[in-house]
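# Observations on chain architecture
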Amino acid sequence: AELSHRTNASRWALAVGRTWPQFVPGLSVLDGLQAGWRSASGSREFGLFAGVLPDPLTLDLAADEWAAGTYAMGRIEGDDGSSRVLQFVGRLAWLGASAGAGRLESEGAARAWFSSTSSARLQLRFGLSDDGAPLLDAARADFVAQPLQSIRTRAAVSYGATAADVATLGAPES
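Quick caveat: nothing in here was measured; it's all calculated off a predicted structure.

Reading guide: rules and limits
- Note on numbering: residues in each chain are counted from 1, in written sequence order.
- Totals for whole chains, interfaces and linings use every residue, but because this is a predicted model, local features are given only for residues with pLDDT of at least 70 and side-chain atom pairs only at 80 or more, for both listing and counting.
- Processing note: side-chain calculations cover all non-hydrogen atoms of the structure and skip hydrogens and water entirely.
- Counting from the N terminus, the helices are the DSSP runs of H or I reaching at least four residues and the strands are the DSSP runs of E reaching at least two.
- Working definition: with a 1.4 Å probe on protein chains only, accessible area under 20% of the residue-type maximum means buried, over 50% means exposed, and in between means partly exposed.
- Note on areas: Shrake-Rupley with a 1.4 Å probe; residue coverage comes only from the protein chains shown.
- Neither His nor the chain ends contribute to the count of charged residues, in which Lys and Arg are positive and Asp and Glu negative.
- For the purpose of locating charges, the reference atoms are NZ of Lys, CZ of Arg, CG of Asp and CD of Glu.
- A 3.5 Å cut-off defines polar contacts: any pair of N or O atoms within that distance qualifies, except that in protein one atom must be a possible hydrogen donor and the other a possible acceptor, and neighbouring residues in sequence count only when both atoms are side-chain atoms.
- Only the six-membered ring of Trp is used, alongside the rings of Phe and Tyr, when aromatic pairs are assigned; centres must lie within 6.5 Å, and planes under 30 degrees apart are stacked while those over 60 apart are edge-to-face, with the rest tilted.
- The salt bridge criterion pairs a side-chain nitrogen of Lys or Arg with a carboxyl oxygen of Asp or Glu, the two atoms within 4 Å.

Moving on: the overall build of the chain. Scanning the chain from N- to C-terminus turns up one helix and ten strands. When the helices and strands of the chain are listed from N to C terminus, the series reads β-β-β-β-β-β-β-β-β-β-α. C-alpha extents for the chain along the principal axes are approximately 55 × 35 × 30 Å. For the chain, the proportion of its 174 residues judged to be buried stands at 34%. For the chain, the accessible surface area stands at approximately 10,600 Å², while carbon and sulfur atoms represent 61% of it. Taking the average place of the 15 positive charges on the side chains of the chain and the average place of its 18 negative ones, the gap between the two points comes to 10 Å.

Next up, the structure:
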């Protein structure tokens, strides 16, 4: 269950419990909290998050992996009243495990809505290798178009870690 406060009238955002953190790319579910500050226009938000990560395959409660970090969102809307929007989201986080292993990770995504019927997105995740060098963990790009109300097309390409890879964070090497 999630207890949250996120309204257009407030400049503060808060979510506690099993939450789906907003504007935090690559972090789908968190048992913890997210707190943020939003600009008066709602076009920017900055904040912090922390909590334990549920099992990525079953979503069972788990306490052996956790994440803590900061996030940011920025949105630019077309001045002409069109549906054109460009939105950036990003996070910088430390992911830890009860086994003592952990790593610094950064993820960012940009999505452009060209019209009410088409959009494109690029998402990149970087981590640090064992020797401290930056490493591209995952990349994803997609394009969506809906030329007619009854027809929607999508093209996507991705590179990177699977849920099984993420599930082994901090597991001993075999």
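Here the narrative resumes.
Before going further, it helps to spend a moment on the side chain of Q87. Within the secondary structure, Q87 sits in strand β6 (residues 85-97). A relative accessible area of 15% places Q87 in the buried class. Engagement of the side chain of Q87 in a polar contact is seen with the side chain of R75, the distance being 3.0 Å.

In the structure shown here, the tally under the stated rule is one aromatic pair. Ring geometry for W37 against F46: centres 6.5 Å apart, planes inclined by 15 degrees, an arrangement best described as stacked.

On to the pattern of salt bridges. For the structure on display, the rule yields eleven salt bridges. The residue R91 makes a salt bridge to E107 at a minimum N-O spacing of 2.8 Å. Here the residue R91 occupies a position in strand β6, and E107 occupies one in strand β7 (residues 102-115), the gap between them amounting to 16 residues. One exposure class covers both R91 and E107, and it is buried. Across the pair D137 and R103 runs a salt bridge whose closest N-O atoms are separated by 2.8 Å. Of this pair, D137 sits in strand β9 (residues 134-148) while R103 sits in strand β7, and the two are 34 residues apart along the sequence. The buried category is assigned to D137, whose relative accessible area is 14%. One network of salt bridges, in which partners are shared, links R91, R103, E105, E107, R125 and D137.

Geometry only, nothing functional implied.
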